[in-house]
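Here is how the chains run, residue by residue.
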Amino acid sequence: MSDTTETTLENLDTAIGAEAAGDESAALVAEMPVIPAEPKIDDQGRAYATGKRKNAIARVWIKPGSGVITVNGKEEEKFFARPVLRMILRQPLVSAERDGQFDVIATVSGGGLSGQAGAVRHGLSKALTYYEPSLRPILKKGGFLTRDSRVVERKKYGRAKARRSFQFSKR
């Protein structure tokens, strides 16, 4: 038993020696400047991203402009009539202080209006990070880049809905 203990201690000493040598290389790596990610822009000067929320999927293109937002060929006010939905849509632009600087074109399908607004917001956030990678920490901190994975629970057999039972009858 003592022989195996001695060999493991020797292995530990060599491992510690290797780590000490690794610390010097880690210091060299830490000194190297961090190169930001390259913007992903197409030939027409647009950035593209896909956003999802519930059952809605949005394809979003952004390009520098006057701040016009078009969803499925309609103006933002016509497609999302409720002010809350328009506020959800603009959250990434407002938090990144880019409201009114980009034209947004989105096509969205599936789900309801709330899910569609969330999908466009998610796609817009991703497109902003593709166009301007320096905005990623701001949008990440706001939680705009995270896909909200909550979806409607499926209905089970023997149940009225996903969890609700049928009304109990004693006789």
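Structural data are supplied above this passage.
Bear in mind the structure is a predicted one, so any value in this text is a computation, not a measurement.

Just checking my understanding: could you explain unusual backbone geometry for this structure?
Peptide bonds are mostly trans, and most non-glycine residues show a negative phi. Its identity as a non-glycine residue notwithstanding, Lys54 has a phi of 50°, on the positive side. The backbone of Glu97 shows a phi angle near 60°, a positive value even though the residue is not glycine. Position of Glu97 among the secondary structure elements: in the loop between helix H3 (83-95) and strand S5 (102-109). Of the residues examined, Glu97 reaches a relative accessible area of 63% and is grouped as exposed.

I keep staring at the side chain of Arg53 and nothing clicks. Help me out?
Position of Arg53 among the secondary structure elements: in strand S1 (residues 47-53). We classify Arg53 as buried; its relative accessible area is 16%. Apart from residues lying up to four places away in sequence, Arg53 is in contact with Gly115, Gly118, Ala119, Arg147, Asp148 and Arg150.

Honestly, the nonpolar core in this entry has me stumped. Any pointers?
As a rule of thumb, soluble globular proteins bury nonpolar side chains together. By size, the foremost hydrophobic cluster in this structure holds 30 residues, and its most contacted members are Val60, Ile62, Phe80, Val108, Leu124, Leu128 and Leu139. If you list the elements that add at least two residues to this core, you get S1, strand S2 (56-64), strand S3 (69-71), H3, S5 and helix H4 (113-131). If we ignore the near neighbours within four places in the chain, the residues touching Leu124 are Val60, Ile62, Leu89, Pro92, Leu93 and Val104.

Which parts of the structure should I look at to understand the packing of aromatic side chains?
For any pair of aromatic rings, the description rests on two quantities: the centre-to-centre distance and the angle between the ring planes. Tallied over the full model, the rule gives three aromatic pairs. Summarising the aromatic geometry, the rings of Tyr48 and Trp61 are spaced 5.1 Å apart at their centres and angled 40° between planes, so their arrangement reads as tilted. Highlighted residues: Tyr48 in strand S1 and Trp61 in strand S2, separated in sequence by 13 residues. Using a relative accessible area of 36% as the deciding quantity, one classes Tyr48 as partly exposed. Here Trp61 falls in the buried class, since its relative accessible area comes to 18%. Measuring from ring centre to ring centre gives 4.9 Å for Phe79 and Phe80, while their planes differ by 85°; the resulting arrangement is edge-to-face. Note on Phe79: relative accessible area 16%, which makes it buried. Given a relative accessible area of 0%, Phe80 falls into the buried group.

Help me understand the sheet that holds S5 in this model?
Strand pairing in a sheet relies on backbone hydrogen bonds, with the paired strands running either antiparallel or parallel. With mixed pairing, five strands are arranged side by side in an open sheet as S1-S2-S5-S3-S4. Either end of the sheet is taken by a strand with one partner, and the two such strands are S1 and strand S4 (74-75). With eight bridges connecting them, S2 and S5 associate as antiparallel partners. Of the residues in S5, the one forming a bridge with Ile57 is Ser109. Docked against the sheet, H4 engages S1, S2 and S5, running at close to 145° with respect to S1.

Please explain the pattern of salt bridges as it appears in this structure.
Side chains bearing opposite charge may pair, as long as their charged atoms lie close to each other. What the rule picks out here adds up to eight salt bridges. Where Asp42 meets Arg46, a salt bridge forms, and the shortest distance between an N and an O atom there is 3.2 Å. Overall, Asp42 belongs to the partly exposed group, its relative accessible area being 32%. With its nearest N and O atoms 2.6 Å apart, the salt bridge here joins Asp99 to Arg90. Among the residues examined, Arg90 registers a relative accessible area of 22% and is labelled partly exposed.

Cut-offs and rules
Residues numbered from 1 in each chain as written. Predicted model: local features only at pLDDT ≥ 70, side-chain atom pairs only at ≥ 80, totals over all residues. Heavy atoms only, no water. Helix = DSSP H or I, 4+ residues; strand = E, 2+ residues; numbered from the N terminus. Buried < 20%, exposed > 50% of the residue type's maximum accessible area, 1.4 Å probe, protein only. Contact = heavy atoms within 4.5 Å. Core = buried A, V, L, I, M, F, W, Y, C linked by side-chain atoms within 4.5 Å. Phe/Tyr/Trp six-rings, centres within 6.5 Å; stacked < 30°, edge-to-face > 60°. Pairing = 2+ DSSP bridges. Axes fitted to C-alpha atoms, helices over the stretch in contact; angles between N-to-C directions. Salt bridge = Lys/Arg side-chain N within 4 Å of Asp/Glu carboxyl O.

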